[in-house]
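Listed below, chain by chain, are the residues.
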Amino acid sequence: MNIFSDRMSSLQPSVIREIFKFTADPSVISFAAGNPAPESFPVETVQRLTADILRENPIAALQYSVSEGYTPLRDWVKADLAKKGIFKQGDDDVLITSGAQQVMEVMTKLICNEGETIICESPSFIGSLNAFRSYKAKLVGVPMDDEGIELDKLESALINNPKTAFIYLIPNFQNPTGKTMSLERRKAVLQLAERYKVLIVEDNPYGDLRFAGVEIPSLKELDTNRHVVYAGSFSKTLAPGLRVGFMCGAENITQKAVVCIQASTVHTSILAQMLTYKFVSETKFDKHIKNLQFLYKEKAKLMLDSLKFKMPISVDFTEPEGGLFIWGTLPEGSDMLAFCKKAVAEKVAVVPGNAFLVKESEPCCSFRLNFSAPSNEQIEKGVEVLSRVAKTMLG
């Protein structure tokens, strides 16, 4: 007997979450997760601030709260986004969400009718793809080059899919590729969105983790016609377990989004929101961000240097300017899945690249590496294992 709804019957578990089953073995070196570095968590400060909240204002921290989010945190986010040119006073509003992931779920529920199209980069973040799939959206993947989503193919997708709900993009240090969309490409994408009257959902969880290159304005900052809804998160800058994110967009969209939140989570954990506010307002948050940037710069350099020195020259790797990920690509025709399986058998876990495609059956020779979570010793040892597996397979 099929007890599942049509909407859920074809949805599969996240490949990354399935890989976590292997990483439960402490002897496995995981390059598969998207986790921040354990040493990045300000544990003692979080303990102190949480104690302060529960001593000074326990009822507010434990009671129901408003769906829009904790007002002091919302105001702080608005001010921070306004400094970056993202929050447009008089046009926009901000909602606090349960991580940026909830923004994707809410926007799909809000904008996309069943069978309508969501256009995304190919590859793209599997969590968002599954959120889109859960509402029976038609997903159309558009390839990327070194500057981001390819414009001619994006326009073709817009022409061929007149019922497009929105375009989903991760412009900064994209998950999974680590690529950053150029300024020129961002402007051109916005022009296409305006021409075809389609919204853009800009997912920017890694934007504060730039450790190289030059800062590029967000799509939301460049937007002058209310075509962009922006998603941000404290998961990569404070702690993902708090599940505190936010969305910023035109008031008519955010007002409807509140209704979606009321129907699902009611509101994001108020204790987590109060803790986040105290952290960003009472500690040296800018210094904390700079420490994260330095940490990830060093980790990324160590992994890239090790890969370049040890891996066969025929294997390519992206060189991210921030974020948490490196995208590896085996020579055309290689059996990428066999490579990933042999690697995990040798106690090193990476994510097969096809997990991030709209159609997992499409040919793919790439795999994703995370440099933030493993220790330096694990990075060096893990790359040594990957190198041995690659040399055995590629000759």
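Residues numbered from 1 in each chain as written. Predicted model: local features only at pLDDT ≥ 70, side-chain atom pairs only at ≥ 80, totals over all residues. Heavy atoms only, no water.

Peer 1: Just to check I follow, could you spell out the overall build of the chain for this structure?
Peer 2: A count of helical and extended segments in the chain gives 15 helices and 14 strands. Here the chain holds 395 residues, and the buried ones make up 55% of them. Sequence-distant contacts in the chain: of pairs separated by 6 or more residues, those separated by 24 or more amount to 77%. Accessible surface for the chain amounts to roughly 17600 Å². Of this, 52% is attributable to carbon and sulfur atoms. Here the chain holds 45 positive side-chain charges and 47 negative ones, and the gap between their average locations is 2 Å. (Helix = DSSP H or I, 4+ residues; strand = E, 2+ residues; numbered from the N terminus. Buried < 20%, exposed > 50% of the residue type's maximum accessible area, 1.4 Å probe, protein only. Contact = heavy atoms within 4.5 Å. Areas by Shrake-Rupley, 256 points an atom, 1.4 Å probe, with all protein chains shown as cover. Lys, Arg positive; Asp, Glu negative; His and termini not counted. Charge placed at Lys NZ, Arg CZ, Asp CG, Glu CD.)

Peer 1: Can you walk me through the side chain of aspartate 92 in this structure?
Peer 2: Among the secondary structure elements, aspartate 92 is positioned in strand 2 (residues 92-97). Given the relative accessible area of 7%, aspartate 92 is considered buried. At 2.5 Å, the side chain of aspartate 92 forms a polar contact with the side chain of lysine 220. For aspartate 92, the contacting residues outside a window of four places in its chain are Ile86, Phe87, Lys220, Cys248, Gly249, Ala250 and Glu251. (Polar contact = N/O pair within 3.5 Å; in protein donor to acceptor, adjacent residues only side chain to side chain.)

Peer 1: Just to check I follow, could you spell out the packing of aromatic side chains for this structure?
Peer 2: The relative placement of two aromatic rings is captured by the distance of their centres and the angle of their planes. Throughout the structure, instances matching the rule amount to 12 aromatic pairs. With a centroid separation of 6.3 Å and an interplanar angle of 85°, the aromatic rings of phenylalanine 317 and phenylalanine 367 are classed as edge-to-face. Taken as a pair, phenylalanine 317 in strand 10 (residues 316-317) and phenylalanine 367 in strand 14 (residues 366-370) lie far apart in primary sequence, 50 residues in all. We note that phenylalanine 317, like phenylalanine 367, is buried. Through a chain of ring-to-ring contacts, the aromatic side chains of Trp76, Phe234, Phe246, Phe279 and Phe285 assemble into a single cluster. (Phe/Tyr/Trp six-rings, centres within 6.5 Å; stacked < 30°, edge-to-face > 60°.)

Peer 1: How should I be thinking about helix 9 (residues 183-195) in this particular structure?
Peer 2: Working note: α-helix, 3.6 residues per turn, so residues spaced by three or four point in the same direction. Over its 13 residues, helix 9 runs 19 Å from end to end, which matches the ideal 18 Å to within 8%, given 1.5 Å per residue. Among all positions in helix 9, only Arg185, Arg186, Ala188, Val189, Leu190, Leu192 and Ala193 are buried. Lysine 197, located one to two residues past helix 9, shows a positive phi value of around 55°. (Expected span 1.5 Å × (residues − 1).)

Peer 1: What exactly am I supposed to notice about the pattern of salt bridges here?
Peer 2: Pairing is possible between side chains of opposite charge, provided their charged atoms come close. For the structure shown, the criterion picks out 21 salt bridges. Close ionic contact of glutamate 105 with lysine 109 constitutes a salt bridge, the shortest N to O distance being 3.7 Å. A residue pair is termed a helical-turn pair when its members lie 3 or 4 positions apart in one helix, as glutamate 105 and lysine 109 do in helix 6 (residues 99-111) at four residues. Overall, the relative accessible area of 21% leaves glutamate 105 in the partly exposed class. Judged by its relative accessible area of 32%, lysine 109 is partly exposed. For the salt bridge of arginine 195 with glutamate 155, the shortest nitrogen-to-oxygen distance reads 3.0 Å. In this pair, arginine 195 sits in helix 9 while glutamate 155 sits in helix 8 (residues 151-160), placing the two residues 40 residues apart along the sequence. (Salt bridge = Lys/Arg side-chain N within 4 Å of Asp/Glu carboxyl O.)

Peer 1: Honestly, the sheet that holds strand 5 (residues 148-149) in this entry has me stumped. Any pointers?
Peer 2: Sheet strands line up and pair through hydrogen bonds in the backbone, either parallel or antiparallel. Read from one edge of the open sheet, eight strands run 2-9-8-7-6-3-4-5, paired in mixed fashion. In this open sheet, the two edge strands, each paired with only one partner strand, are strand 2 and strand 5. (Pairing = 2+ DSSP bridges.)

Peer 1: Which parts of the structure should I look at to understand the nonpolar core?
Peer 2: The nonpolar side chains of soluble globular proteins are, as a tendency, buried together. One finds Phe31 and Leu369 to be the most contacted residues of the largest nonpolar core, which totals 95 residues. For this core, the element with the most residues is helix 13 (residues 285-310), which contributes 10 residues. Counting 18 residues, the second largest nonpolar core, distinct from the first, contains Val142, Leu154, Ala157 and Leu158. (Core = buried A, V, L, I, M, F, W, Y, C linked by side-chain atoms within 4.5 Å.)

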